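Observations on chain architecture
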Amino acid sequence: MPNPNNNSQPPAAWCYSGNQIRRWRTLANVSREALATAANYAPETISSMERGVRMPSPRLLDIADELCGAQGMLSADPRRTEAAGGAELRSV
C-alpha cells in the first residue's frame, strides 16, 4: 500500500514499524533476502517497508516475528503478544 499522504513524509507508524522490523531482523542475524523469501516478497519491498515507504503488512509482521524470534513484539496478532507476556505493555 503506497503512502496515502500526498506529501513526502511517510506516516510515523510506518517508519516505526519498519525500524522495528529492521532492528529485530538485524539482531536475529536474518538477512533481508531471507525475510523476503519467507514472506514471498521481493527484497526491495522489504526494504521499502523497513524505510517506512510502504506499510508493513500484517502477514509480514507475523512472519518477521516468527523468523526473528521476537516473541510477539512484531506480530500483528495481539494473541501472540499476550502469549509472550506483553499484555501489560498494551495496558500502560
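Quick look at the structure, then. (Residues numbered from 1 in each chain as written. Predicted model: local features only at pLDDT ≥ 70, side-chain atom pairs only at ≥ 80, totals over all residues. Heavy atoms only, no water.)

**Digging into the environment of S8**
Locating S8 in the fold gives a position in the segment before α1 (12-27). As for S8 and V53, which are separated by 45 residues in sequence, their C-alpha atoms are 9.5 Å apart. (Helix = DSSP H or I, 4+ residues; strand = E, 2+ residues; numbered from the N terminus.)

**Notes on the pattern of salt bridges**
Here the structure, examined in full by the defined rule, presents two salt bridges. The shortest N-O distance in the salt bridge between E50 and R25 comes to 2.6 Å. Separated by 25 residues along the polypeptide, E50 in helix α3 (residues 43-50) and R25 in helix α1 bring together distant segments of the chain. No difference in accessibility class separates E50 from R25, as the two residues are buried. Note that R32 and E50 form a salt bridge whose closest N and O atoms lie 2.8 Å from each other. Taken together, the residues R32 in helix α2 (residues 32-39) and E50 in helix α3 connect sequence positions 18 residues apart. Since its relative accessible area comes to 26%, R32 is described here as partly exposed. Each of the salt bridges in this network shares a partner with another, and the network as a whole consists of R25, R32 and E50. (Salt bridge = Lys/Arg side-chain N within 4 Å of Asp/Glu carboxyl O. Buried < 20%, exposed > 50% of the residue type's maximum accessible area, 1.4 Å probe, protein only.)

**Observations concerning the packing of α2 against helix α4 (residues 58-68)**
The geometry of α2 relative to α4 is characterised by a closest axis approach of 10 Å and an angle of 125 degrees between their N-to-C directions. Comparing their axes, α4 and α2 come out oblique. Regarding α2 and α4, the two cross each other, and that crossing is right-handed. Contacts between α2 and α4 involve A34, L35, A38 and A39 from the first element and R59, L60, I63, A64 and L67 from the second. By residue class, the composition of the contact of α2 with α4 is eight nonpolar, no polar and one charged. (Axes fitted to C-alpha atoms, helices over the stretch in contact; angles between N-to-C directions. Parallel < 35°, antiparallel > 145°, perpendicular 65-115°, else oblique. Left-handed = near helix turned anticlockwise from the far one by under 90°. Contact = heavy atoms within 4.5 Å. Nonpolar A, V, L, I, M, F, W, Y, C, P; charged D, E, K, R; others polar.)

**Describing the nonpolar core**
Membership of the largest hydrophobic core comes to 14 residues, with the highest contact counts inside it found for I21, L35, I46, L60 and L74. At the level of secondary structure, the elements contributing two or more residues to this core comprise α2, α3 and α4. (Core = buried A, V, L, I, M, F, W, Y, C linked by side-chain atoms within 4.5 Å.)

**A look at the packing of α2 against α3**
The relative placement of two packed helices comes down to the angle between their axes together with the axis-to-axis distance. Axis separation between α2 and α3 bottoms out at 8 Å; the angle between their running directions is 105 degrees. Classed by the angle they form, the pair α2 and α3 counts as roughly perpendicular. When α2 is examined against α3, the residues R32, E33, L35 and A36 are found in contact with a partner set consisting of P43, I46, S47 and E50.

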